[in-house]
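Next come the chains, spelled out residue by residue.
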Amino acid sequence: MQFMLLFSRQGKLRLQKWYVPLSDKEKKKITRELVQTVLARKPKMCSFLEWRDLKIVYKRYASLYFCCAIEDQDNELITLEIIHRYVELLDKYFGSVCELDIIFNFEKAYFILDEFLLGGEAQETSKKNVLKAIEQADLLQEVRALATA
Amino acid sequence: MSDVVEKTLTALPGLFESQTGAAKITNRLRQLIKSITELTSKHEEENLIKRELSAIKEQVSSPNTTMKQMREIMVRAMYCEMLGYDASFTYIHAIKLAQQGGVLEKRVGYLAVSLFLNEGHELLLLLVNTVLKDLQSTNLIEVCMALTVVAQVFPKDMIPAVLPLVEDKLSHPKEIIRRKAVLALYKFYLIAPNQVQHIHAKFCKALSDKDPGVMASSLHIYLQLIRESPDSYKDLTGSFVTILKQVLGGKLPVDFNYHSVPAPWLQIQLLRILSLLGKEDQSTSELMYEVLDESLRRAEMNHNITYAILYECVKAVYTIHPKAELLEKAARCIGNFVLSPKINLKYLGLKALTYVVQHDAKLALQHQMTIIECLDHSDFTIKRETLELLFRITNAQNVTVIVEKMLDFLCYVPIKTLTFAPDNSWFIQTMNDVFSIGGDLLQQDDPNNFLRLLAEGKPEEDDQLRLYAVESYLTVLKGHTSHLPQCFLQVMSWVLGEYAHLQESVDRREVIRLLTQLLDQRSVSSETRVWILSALTKIPEGQTDLILDLAESLSSSQDTVLRQQAQELRHLSQDSQLREWVLVENSCAVDSSLSFLDGFVSEALAAGAAPYKPPHQRQEELSLNLEPYSFSLPVSLSSCSITDRQSPTLLSVSSGLSGNSAELSTLILEGVKRVWGKDGYLPQKEATAPPVDEPSAAVQPASQQEAAERIEPRPEPSTQNQDKQQLASSLFVGLGVGSSVSLVRKLFYDGFTASLRGNVMDCLEARSTSVCHYALLMDDPHTNVSLTGTVSYQTQPGHTNTLPFSGTLSTADFIRPLVVTTEEYGKLWLSLSHDVKQNLKLLTDAGDPLRTTLNALKDALQLHVVDIIGSEGIVACRLLSGAPCLLHCRVNGAALAMWLRSPHPALPDFILYHCQRALAHH
């Protein structure tokens, strides 16, 4: 996977993860173009589109669009499921996730993503294991918070 | 702005309070987000973020800010960056947070680093020690964080520093650590394959890890390795098949199920690997038939994930050595995809079909109707994929229909399709449509391919086609031309220029008139004008009056190229002899072997250049990192050999040096000796001359000892030189013919010969004078190098006169600006190893001391000022055709702290010396 973007129906970026080194200028350009292209697509259209030499796989969950860029030889359907698994993870962690959770706790959303995907590849596909890793790190946070309180 | 968010915001005040602990900390962020949602314009947002950023700036630089506060600040900075604002001043603090914070802060610090910094960012260098420390931590979480950041952003040159630690983690008792370590190695493999080659055995261990997560991660590496060389991993086929069987048989823990499908990601990865292994290999393919069959059979459930697996399975079946039974099943699967009402599956069905029709075109027949429907689909993606499919099944019978469809679709016609064209008129007509509709959206190659098609045919056969093209284009040009795309106009003018003469009945004046008319149109681009003028040049003579008129009218054009062409046109039309000589019919012979460059190449080789290697044979320079903790970490440039590192004198020289010239002179000797001692480098600097009566003398310091001494010219022709001379005579043949004074030139340098390298650029001879240009390069920098030479000439055979001359050159004469972007600078900076730091005088007489000083340096020394940010400036330069040198300047009180880096050990010292001088003279 080359990158993952989360943006709202209004076109506001909520999360961005780049797995290939690009300049800030390029990133902004890509984001702008993609957000426009994806938002312009109709709901009945398929979740894939060819864009430059990449394949864009996107899916909308409520007000949020999840959008991944993969290479041509990659499997589009499994990428859709990666998105879905990520949503499941967020859902489980936040307890029926909504856009607000991701806005206000975007760093948590990043932590979860980093446990799930690493370097653009699926790292751990077991939901339980991902959440366990996150919880362990969070637990530490609370222990420390208690200790300092 | 976002009204939905706003509504929810007011509806959900409880959300903020319900959070414990962390909520308080991120309060500022909440405020920020909330106030942003309340704004109504982009302008207000900009102002708000500006204020926020300046508040952050103040906070980060305050010494009272605690780590905890810093963490909160960092989150806000990340948010601002996500909104598209620049918060680069916080980058360094992100690194500090990762370095100094507790686990909690580290987590945010590392996250910020991975979001802010790219692989090549110079600040990453500062992260290396932190990562090393955390990798050795006893706290698992810290190790995890370090591995995560390593697998995301890590500078290539730093890999050797962490590699042993990451390797160790492959045998860590915790599976999460092993898994992350495997992925970190995968990442290393992607960015620097040769650095992880030695640990293949450990990958193998990861593959047989008892934890499925670790094993699955290792497959990423294997997929990559096998993609590159499938033959080396055939023996693993059995293992992969067994793993896939176990997965299918539900042997993995239920945790890995996804919607009750066992480990789909793992399955897909394995299927990909198997298809690569079985490609064009019958015996290996036979090993996997059974498991593929089972895969196809198992994936029956109606869920996206099973389709994902099926799709991969079908691809595998069609990639490996074919087996009828499997092919049949796979074909049925594809049918299900194509016929599916779900649009995503339909798309994949078309994609699979596109892949499969290459092996079995008949398969498309079964789905004719669906394909036709898809052609008119409202979704662009589907339509495009269908056309891709059609393109693959184009043949002589269906070409007209398919091309028509393609034309409907934004003119997406690969020229190749048209090789099946049924007849000439159809072909030209279609191409006219393609060019006029698709026009400038076409790929650059398309018009070129078309023209080549026209040009390459045999005259007898294809004259028909060309004739038709000429006729058709004349018709087009007689109509309205203002709307035609530039590339079509270019194609037409080329064709008319080349082939208008084939058509007897065509009036040449008419052709000229039509083309000239185009020139008058304002919409015609200057590039097209050049095409048109070239065409006019080619149209046979006889219409001098028209051409002269044209040339006259263009002679006042603002475009210099056009003016020049018009001038040429005029000359050619007036001088028929010249014209015949320049425009010989069918004289276009291309030397594709580039043999005319042989001379140049052999000269370059003789001068020590490396022989050409095709890109795929090039191995990256192996970065050696011997001291992971030393200050200058990366050593990746070839000019720094191991001996450099072992020589204490050199190390000390490159670190501490002032502008003292006595010290400099000892340095020079060191440098010279080293170069000579290493591989007996012989500078190629002898001037070669046009045909001469006696062989020109060579100055070749032959041995190490001599190099240190002053070298006297020794007229001693070597065989190598004679060869070069022959080369020169063949290169410059014709230039010196008939000169009555024949010259022999000699050029040599003083004791520090080793540092200069020269070559004759060109010699222009006239009857009584001769101009000779030499290109001199400085290989090893020195403060001053004196240059002496002689000119020998013969006024009568046997009697030689000699004139000596001399001059002095300094390093400053060889410094040239190196134009790089800030990013390239950052990358380069990291890759350079020899550095020198020194405080210099700051010119304080103007308002902006840094800028004034840098400009003074720039003027004096031809440096390139890359960027000035606040109190820091970055500057780059290089030796002429030689090593680069980067300068990092920072205002430090009343001084300018300068930090120079270069791949060349001595270069920074000399540049520093010249900077000092330039500033002193200012």
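Keep in mind that this is a model prediction, so the values were computed, not measured.

Participant: Explain the overall build of chain B here, please?
Facilitator: When helices and strands are tallied, chain B shows 43 helices and 13 strands. Residue pairs at least 24 apart in sequence account for 64% of intrachain contacts in chain B once pairs closer than 6 positions are excluded. Approximately 43400 Å² of chain B is accessible, and the part contributed by carbon and sulfur atoms is 53%.

Participant: When you look at the environment of A:Arg52 in this model, what are you seeing that I'm missing?
Facilitator: Tracing the sequence through the fold places A:Arg52 in the loop between β3 (48-51) and β4 (54-61). Here the side chain of A:Arg52 touches A:Glu33 through a polar contact of 3.3 Å, side chain to side chain.

Participant: Can you help me understand the pattern of salt bridges in this one?
Facilitator: Pairs may arise between side chains of opposite charge once their charged atoms sit close together. Scanning the model with the defined rule gives 34 salt bridges over all chains in all. A salt bridge links A:Lys17 to A:Asp114, with the nearest nitrogen and oxygen atoms 3.0 Å apart. One end of the pair, A:Lys17, is in strand β2 (residues 13-18); the other, A:Asp114, is in helix α4 (residues 106-116), and 97 residues separate them in sequence. Just as A:Lys17 is buried, A:Asp114 falls in that class too. Measuring nitrogen to oxygen at the nearest pair gives 3.1 Å for the salt bridge that ties B:Arg513 to B:Glu510. Highlighted residues: B:Arg513 and B:Glu510, both in helix α29 (residues 508-520), separated by 3 residues, approximately one helical turn. Classification of B:Arg513 by relative accessible area gives partly exposed; the value is 42%. For B:Glu510, a relative accessible area of 22% gives the class partly exposed. One salt-bridge network, held together by shared partners, links A:Lys55, A:Asp72, A:Glu76 and B:Lys351.

Participant: Is there a simple way to think about the nonpolar core in this case?
Facilitator: Nonpolar side chains in soluble globular proteins generally cluster together in the buried interior. One finds A:Tyr86, B:Tyr79, B:Val131, B:Leu185, B:Phe188, B:Tyr222 and B:Phe240 to be the most contacted residues of the largest nonpolar core, which totals 212 residues. Filtering out sequence-adjacent residues up to four positions away, B:Phe188 remains in contact with B:Val150, B:Phe154, B:Ile159, B:Val162, B:Leu163, B:Val166, B:Pro193 and B:Val196.

Participant: Looking at this structure, I do not really get helix α2 (residues 76-94) of chain A. What am I missing?
Facilitator: One turn of the α-helix equals 3.6 residues, which is why residues spaced by three or four share an orientation. Residues and elements named next belong to chain A. With 19 residues, α2 extends 27 Å from end C-alpha to end C-alpha; this agrees with the ideal 27 Å at 1.5 Å per step. By the criterion of burial, α2 is predominantly enclosed, with 15 of the 19 residues buried. N-cap assignment for α2: the residue whose side-chain oxygen lies 3.0 Å from the backbone N of Leu 77 is Asn 75.

Participant: Sorry if this is basic, but what is going on with unusual backbone geometry here?
Facilitator: The phi torsion of most residues other than glycine is negative, and most of the peptide bonds are trans. Of note in the backbone geometry, A:Ser96 takes a positive phi value of approximately 40° without being a glycine. Turning to its location among the elements, A:Ser96 is positioned in the loop between α2 and α3 (99-104). A relative accessible area of 56% places A:Ser96 in the exposed class. Despite not being glycine, B:Glu280 shows a phi value in the positive range, around 50°. Counting through the fold element by element, B:Glu280 comes out in the loop between α16 (264-278) and α17 (282-298).

Participant: Could you clarify how one ought to interpret the side chain of B:Ser218 in this entry?
Facilitator: All names here are of chain B. Among the secondary structure elements, Ser 218 is positioned in helix α14 (residues 212-228). Overall, Ser 218 belongs to the buried group, its relative accessible area being 1%. Apart from residues no more than four positions distant in its own chain, Ser 218 is found in contact with Val 182, Phe 203, Ala 206 and Leu 207.

Participant: Looking at this structure, I do not really get α29(B). What am I missing?
Facilitator: Taking 1.5 Å per residue, 13 residues should reach 18 Å; α29(B) reaches 19 Å between its end C-alpha atoms and fits that length. For α29(B), the set of buried residues is B:Val511, B:Ile512, B:Leu514, B:Leu515, B:Thr516, B:Leu518 and B:Leu519.

Participant: When you look at the interface of chain B and chain A in this model, what are you seeing that I'm missing?
Facilitator: In many analyses, interface size is given as the accessible surface area lost on bringing the parts together. The interface of chain B with chain A comprises 81 residues on the first partner and 68 residues on the second. The junction of chain B with chain A conceals about 6500 Å² of combined surface from both sides, 56% of it contributed by carbon and sulfur atoms. Together, B:Met82, B:Arg107 and B:Trp265 form the three largest contributors to the area buried by chain B at its contact with chain A, with a combined 13%. Here chain B and chain A share 9 salt bridges between them. Taking the shortest distance from any N to any O, the salt bridge between A:Arg41 and B:Asp379 comes out at 2.9 Å. For the pair chain B and chain A, the number of links is 28 residue pairs in polar contact (both at pLDDT 80 or more).

Participant: Help me out: how do you make sense of the packing of helix α18 (residues 304-319) of chain B against helix α19 (residues 324-339) of chain B in this one?
Facilitator: Geometry of a packed helix pair, given as the angle between the helix axes and the separation of the axes. Residues and elements named next belong to chain B. Contact pair α18 / α19: the axes reach a minimum separation of 9 Å and the direction vectors enclose 140°. Classed by the angle they form, the pair α18 and α19 counts as oblique. You can see that α18 and α19 cross each other, and the crossing is left-handed. Each of Tyr 307, Leu 310, Tyr 311, Val 314, Val 317 and Tyr 318 in α18 lies in contact with α19, whose residues at this interface are Leu 326, Leu 327, Ala 330, Ala 331, Cys 333, Ile 334 and Phe 337. For the contact of α18 with α19, the residue count by class is 13 nonpolar, no polar and no charged.

About the thresholds
Residues numbered from 1 in each chain as written. Chains lettered and ligands numbered in written order. Predicted model: local features only at pLDDT ≥ 70, side-chain atom pairs only at ≥ 80, totals over all residues. Heavy atoms only, no water. Helix = DSSP H or I, 4+ residues; strand = E, 2+ residues; numbered from the N terminus. Contact = heavy atoms within 4.5 Å. Areas by Shrake-Rupley, 256 points an atom, 1.4 Å probe, with all protein chains shown as cover. Polar contact = N/O pair within 3.5 Å; in protein donor to acceptor, adjacent residues only side chain to side chain. Salt bridge = Lys/Arg side-chain N within 4 Å of Asp/Glu carboxyl O. Buried < 20%, exposed > 50% of the residue type's maximum accessible area, 1.4 Å probe, protein only. Core = buried A, V, L, I, M, F, W, Y, C linked by side-chain atoms within 4.5 Å. Expected span 1.5 Å × (residues − 1). Buried area = accessible area lost by both parts, 1.4 Å probe. Axes fitted to C-alpha atoms, helices over the stretch in contact; angles between N-to-C directions. Parallel < 35°, antiparallel > 145°, perpendicular 65-115°, else oblique. Left-handed = near helix turned anticlockwise from the far one by under 90°. Nonpolar A, V, L, I, M, F, W, Y, C, P; charged D, E, K, R; others polar.

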